[in-house]
Amino acid sequence: GAFSSPVIAEVAGKRQLIVQSREKLAGLDLITGAVLWSHGVPSFRGMNIMTPVVLGDTVFTSSYQNKSWLYQISKTPENYGVSELWSNTAQGYMSNPVVIDGYAYMHLANQRFACIDLKTGERTWTSKPYGKYWSIVAQRDRLLALDEQGKLLLIKANPREFQLIDELQVSEDETWAHVAVCNDEIYIRELNAIAVYKWQTPKPNAAGN
């Protein structure tokens, strides 16, 4: 086992369970549990935490104190195949990345945000440090990122540069749970409570700004 969560997706023409264990990335048959394909993913002391991201017939993943990879999953009449399309030195940690328009936005073990072009594997930018643990959600070209100290960041999904729009301290308690969004409401699980914030569009001032 590992800390990474499994995901269900159609890959190489078959709906399957994608799992990242302590040492392997694999696809399992949903009915029988049989291993359809697997590939070794190195990690430090088996600490695979990030959940893989499935993009068509490719899987993007990263492991603690190692690298990030994009794997191509293929199917022949006889068996499945796994091939590495590229790797990058970016070290994902606890935070699951979000993908927008072919770019992965992720938080790294060195406490920086980064953007990776999933076509080429190129890291297009890396931010300054922004805290240790983050959860990230996305809507269109906006990212909401919450850290364990109760700080919420609003970031523009810009593949050319890190663009912080605003930040807000939403809790003085620890906020380890994943930030959740439902319509115009943001749910923050604090240490001893759940806080709900309502997203509002700023009203123009008298000058029309």
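Every residue gets a number counted from 1 within its own chain, in the order that chain's sequence is written. In view of the model being predicted, local features appear only for residues whose pLDDT reaches at least 70, and side-chain atom pairs are presented and counted only at 80 or more, with totals across whole chains, interfaces and linings using the full set of residues. The basis for every side-chain value is the complete set of non-hydrogen atoms in the structure, without hydrogens or water.

A. Molecular detail of the pairing of strand β10 (residues 103-107). Most of β10 sits out of view: 4 of its 5 residues are buried. Judged from the 3 bridges that link them, strand β9 (residues 98-100) and β10 form a sheet pairing that is antiparallel. Bridged to Ile100 within β10 is Tyr103. Here β9 folds back onto β10, and the loop between the two strands holds 2 residues, one of which, Asp101, carries a positive phi near 50°. For two strands to be treated as a pair, DSSP must find at least two bridges joining them. Each helix is a run of H or I in the DSSP string that is no shorter than four residues. Each strand is a run of E no shorter than two, and both are numbered from the N terminus. Both β10 and strand β11 (residues 112-117) contribute to a ladder of 5 bridges, which runs antiparallel. Residue pairing across strands places Met106 opposite Ala114, the latter belonging to β11. The loop that links β10 with its antiparallel partner β11 comprises 4 residues; one of these, Gln111, has a positive phi angle of about 75°. Think of it in three bands: with a 1.4 Å probe and only protein chains considered, a residue is buried below 20% of the maximum accessible area for its type, exposed above 50%, and partly exposed in between.

B. Structural context of the environment of Asp57. Along the chain, the position of Asp57 falls in the loop between β5 (53-55) and β6 (58-62). Spatially, the C-alpha atoms of Asp57 and Lys75 are 9.8 Å apart, while their sequence positions differ by 18 residues. Residue contacts for Asp57: discarding those within four places in its chain leaves Val11, Ala12, Gly13, Tyr71, Gln72 and Ile73. Here, residues are in contact when the closest pair of their heavy atoms is within 4.5 Å.

C. Structural detail: unusual backbone geometry. The phi torsion at Gln65 lies on the positive side, around 55°, for a residue other than glycine. Note that Gln65 resides in the loop between β6 and β7 (68-75). For Asp101, which is not a glycine, the phi torsion comes out positive at approximately 50°. Relative to the helices and strands, Asp101 is located in the loop between β9 and β10.

D. Broad picture of the sheet that holds strand β17 (residues 180-182). Pairing is antiparallel across the open sheet formed by 3 strands, whose spatial order is β17-β18-β19. Looking at the sheet topology across the chains shown, the edges are occupied by β17 and β19 (194-198). The sheet shows a mean angle of 25° between the axes of neighbouring strands, direction not considered. Where strand β18 (residues 185-189) lies against β19, 5 bridges are found, and the strand directions are antiparallel. Within β19, the residue paired with Ile188 across the bridge is Ala195. Between N-to-C directions, angles cover 0 to 180 degrees, with each direction set by a line fitted to C-alpha atoms, over the stretch in contact for helices.

E. Highlighting the sheet that holds strand β13 (residues 134-139). The 4 strands are arranged β13-β14-β15-β16 in an open sheet whose pairing can be described as antiparallel. What marks the edges here is a single partner per strand, and that holds for β13 and β16 (163-169). Within this sheet the neighbouring strands show an average axis-to-axis angle of 20°, counted without direction.

F. Local environment of the environment of Ala145. The residue Ala145 is located in strand β14 (residues 142-147) in this model. As a C-alpha pair, Ala145 and Ile155 span 10 residues in sequence and 7.7 Å in three-dimensional space. Ala145 has contacts with Phe113, Trp134, Ser135, Ile136, Lys151, Leu152, Leu153 and Ile155, leaving out every residue within four places of it along the chain.

G. Structural context of the side chain of Asn48. Mapped onto the fold, Asn48 is located in the loop between β4 (35-40) and β5. Polar contacts involving the side chain of Asn48 include one to the main-chain carbonyl oxygen of Ser21, which spans 2.7 Å. Polar contacts, as counted here, are pairs of nitrogen or oxygen atoms within 3.5 Å of one another; within protein the pair requires one atom able to donate a hydrogen and one able to accept it, and residues that are adjacent in sequence qualify only if both atoms are side-chain atoms. In terms of polar contacts, Asn48 uses its side chain to reach the backbone carbonyl oxygen of Arg22, at 3.1 Å.

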